[in-house]
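Chain and residue survey
One letter stands for each residue in the lines below.
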Amino acid sequence: GRMKPVIVVHGGAGRIFKEREEGSRAGVVRAALRGYGILKKGGSALDAVEEAVRSMEDDPHFNAGCGSVLNEKGEVEMDAIIMDGKNLDSGAVSAVKCIANPIKLARLVMEKTKHMLLTDHGAHLFAQAMGIPETPGEKLVTERSRERWKKNLEPDSNPEEFQKDLGTVGAVAIDSEGNVACATSTGGLSNKLIGRVGDTACIGSGGYADNHSGATSTTGHGESIMKVVLARLILYHMEQGMSPEMAADTALDYMKTRVGGLGGVIVVNNSGEWAARFSTKQMSWATVKDDQLHYGIYAGERHTKPVDEALRSESEGF
């Protein structure tokens, strides 16, 4: 039977500052509409999640690609993962610099190598071999990221305060063939140590996709997410018969009580039910199912409008 395609995206869990709310909402809506456009034409879940994440990497409102936070040395180092639920193939990159779209590179790692994760210099050489153009590091650095980095260097600063505003981006989808996929991309933690790899690049933590159960992408405190292998934990709960929402809440609750970690997740199961849940103050998210767009940022907030109406206002600019 033909599945009805579904896409869900998130723009990161944490604290979204008032002046960035509009841009975060518009950004996740745009990403969801782009991904859905691919699914609607019969395209694959894999292409849809890659396109949705690429759209957010190019948007300076999010901590991924352009707009990524800076490490202790004031540089951008990015992580990304993509996974195909059909055969459990996955590709990831970590600590990559000077490329606009780490998610594209992750996809190439999956499709053009026998490996699953390339890091730093090796990822850089692979990107060159694949003909991916280099983006000067400064091009990825926004005024805001630089400001925040400077603030965090002050002796009395508390980087942890700022790390609550995280903004990893991600997408999950199911296509008309019933295949699921996930993609996640991030600039990581503000003022992190050089070479720090968080949950995003780690299979089962930053994302997981399996046609037998569903797909999920996570955001939040990376080290906490890794401790509980959050993405895989959610799918495990769904395999035990939980709905996406219940599985997400149960796993987030466990992460909070067991290791004191906060985060957010998006989930789609193999019958096309979805959830967007978070234990942080906020998470920007959007989803399209049955030609209806839903989106929100605050707990309990959910706006709904028909896709064609959303596409019209999209083309006129938000």
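For the protein, the name recorded in an unreviewed UniProt entry is Isoaspartyl peptidase/L-asparaginase, with Chlamydotis macqueenii as its organism. The protein has a UniProt comment under Sequence similarities (unreviewed entry) that states "Belongs to the Ntn-hydrolase family."

For the protein, the helix and strand inventory stands at 11 helices and 13 strands. Here the C-alpha radius of gyration of the protein, 18 Å, is about what a compact globule of 318 residues would show, namely 20 Å. By principal-axis analysis of the C-alpha atoms, the protein measures approximately 55 × 45 × 45 Å. For the protein, with 318 residues in total, the buried portion stands at 59%. Of the contacts made within the protein by residues no fewer than 6 positions apart, 65% connect residues no fewer than 24 positions apart.

Here the focus is the UniProt feature "active site" (unreviewed entry) in the protein. Per the UniProt record, "active site" (unreviewed entry) is found at Thr168. For Thr168, a relative accessible area of 6% puts it in the buried group.

Quick look at the sheet that holds strand β12 (residues 292-298) now. Taken in spatial order, the 9 strands of this open sheet run β4-β3-β2-β6-β5-β1-β11-β12-β13, and their pairing is mixed. Looking along the sheet, the strands with just one partner apiece sit at the ends: β4 (117-119) and β13 (303-306). Each strand of the sheet is rotated relative to its neighbour by a mean of 10°, with strand direction disregarded. Note that strand β1 (residues 6-14) and strand β5 (residues 169-174) share 5 bridges and pair antiparallel. Directly across from Val8, in β5, lies its bridge partner Val172. Most of the contacts of helix α3 (residues 102-112) go to strand β3 (residues 89-96), to which it runs at about 135°, and overall it touches β2 (78-84), β3, β4 and β6 (180-186).

Structurally, Asp84 can be placed in strand β2. The buried charged residue Asp84 lacks any salt bridge, with Lys86 as its nearest oppositely charged partner at 4.6 Å. Polar side-chain contacts of Asp84 include one of 2.9 Å to the backbone nitrogen of Lys86. Look past the residues within four positions of Asp84 in its chain and what remains in contact with it is Leu46, Asp89, Met110, Val180 and Ala209.

Criteria and cut-off values
Residues numbered from 1 in each chain as written. Predicted model: local features only at pLDDT ≥ 70, side-chain atom pairs only at ≥ 80, totals over all residues. Heavy atoms only, no water. UniProt positions renumbered as here; feature names shortened; annotations may be inferred. Helix = DSSP H or I, 4+ residues; strand = E, 2+ residues; numbered from the N terminus. Rg over C-alpha atoms; globule rule 2.2 N^0.38 Å. Buried < 20%, exposed > 50% of the residue type's maximum accessible area, 1.4 Å probe, protein only. Contact = heavy atoms within 4.5 Å. Pairing = 2+ DSSP bridges. Axes fitted to C-alpha atoms, helices over the stretch in contact; angles between N-to-C directions. Lys, Arg positive; Asp, Glu negative; His and termini not counted. Salt bridge = Lys/Arg side-chain N within 4 Å of Asp/Glu carboxyl O. Polar contact = N/O pair within 3.5 Å; in protein donor to acceptor, adjacent residues only side chain to side chain.

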